[in-house]
Amino acid sequence: MILPRVAMLALLWAALGSSACSSTDPLVAVPPTLSAPLSVSLPTRTPVPDDTGWRAAGEGIETRELAVNHQEQTDRLFMARVEPSRAAFRVRYNPELPRRVGEWLESERAQLIVNGGFFTPDHRALGLLITDGAPVGESYEGRGGLFGVSGDGVQVRSLILQPYRLDEVFDQMVQSFPMLLIGNGALNDQIQDDGGIAPRTVVALDRQGRVVFLVSPRATFSLLELAVWLAQSDLDLDTALNLDGGTSSGLMVQTAEGRWGIDSWVRVPAVIAIP
């Protein structure tokens, strides 16, 4: 999400788009300078249920769609769950050639793509980003968290409770803010929340060590409301980090049946990928 986002909420679409294979409400508002994001569900002969449950979608990858109702808002969450021992994570960054999430999926020939952290108007990543061992930018101090991959495995951790150290070695990293859950499913009580709602993207670890990506594509949750929902959900999460949201939110998976997920409205410079 390019900061600041001007009048984004008033222009957000109220459904996942008429191209979706899921049964959803029609698109009612499209920003005049943006094309609508693509929403794709796997082909089915029957209406998509409110909760599809977890479905195998590739080596170590499962997908799930879940209809939610929250304070008179309705949404359909797109989630992917990944077993780290069966998948390789990569951070990809190209500020000179940002792409929509669906375009990243195609250009990387990836199994999964999700948008990364915040960035400047000229598409420079905020915080510290590491791609294939090469660092870009500077770590947040006193705020946020990281998604990182190293020889020790995958981390989603608070940079307040456990600041980044210069002697740490990461192969891949994205930093963002705020942390939503800070350990053992505990709510982050330091979330600064003005009550504004927007589309959201989350990366989390569950208590089994699996990575969970989640996109709420409609303007449904404030940051605190989303944290509460995650803590009370059946996802059994340990930690969770808010990634860039708004028009940047996107999660797409290449399955044997075709592309599944929700595309971003805008082009983003950094993504988390599974090749």
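Refer to the structure above for everything that follows.
Since the model is a prediction, treat every value here as computed from it, not as a measurement. (Residues numbered from 1 in each chain as written. Predicted model: local features only at pLDDT ≥ 70, side-chain atom pairs only at ≥ 80, totals over all residues. Heavy atoms only, no water.)

(A) Molecular detail of helix α2 (residues 101–108). Residues of α2 that are buried include every one of Val101, Gly102, Trp104 and Leu105, and no others. Each buried residue of α2 lies within a common arc of 160° when the element is viewed along its axis, so the set occupies one face. On its buried side, α2 packs onto β5 (90–93), β6 (112–115), β16 (251–255), β17 (258–262) and β18 (270–274). Directly after α2, the chain includes Arg109, whose backbone phi takes a positive value near 50°. (Buried < 20%, exposed > 50% of the residue type's maximum accessible area, 1.4 Å probe, protein only. Helix = DSSP H or I, 4+ residues; strand = E, 2+ residues; numbered from the N terminus. Arc of directions from axis to C-beta. Contact = heavy atoms within 4.5 Å.)

(B) Examining the nonpolar core more closely. By size, the foremost hydrophobic cluster in this structure holds 33 residues, and its most contacted members are Val82, Phe89, Leu112, Phe147, Val211, Phe213 and Leu251. The contacts of Phe213, once residues within four sequence positions are left out, are Phe78, Met79, Ala80, Val82, Phe89, Leu112, Val114, Val202, Val203, Leu251 and Ile272. Leu66, Leu181, Val202 and Ala227 belong to the second-largest nonpolar core, a separate cluster that totals 19 residues. (Core = buried A, V, L, I, M, F, W, Y, C linked by side-chain atoms within 4.5 Å.)

(C) Examining helix α3 (residues 223–232) more closely. For α3, the set of buried residues is Leu223, Leu226, Ala227 and Leu230. Taken down its axis, α3 places every buried residue within 100° of arc, on the same side. The inward-facing, buried residues of α3 contact β12 (179–182), β13 (198–206), β14 (211–221) and β15 (237–242).

(D) Up close: the pairing of strand β9 (residues 145–150). Of all 6 residues making up β9, 6 are buried, and the element is well covered by its neighbours. By the alternation rule, side chains of β9 split into Gly145, Phe147 and Val149 and Leu146, Gly148 and Ser150, which are all buried. Bridge count between β9 and strand β10 (residues 153–158): 6 bridges; the pairing is antiparallel. Bridging from a neighbouring strand, Phe147 pairs with Val156 of β10. Hairpin connection from β9 to β10: 2 residues lie between these consecutive antiparallel strands. In terms of strand pairing, β9 meets strand β11 (residues 172–176) through 5 bridges, oriented antiparallel. Directly across from Phe147, in β11, lies its bridge partner Val174. (Pairing = 2+ DSSP bridges.)

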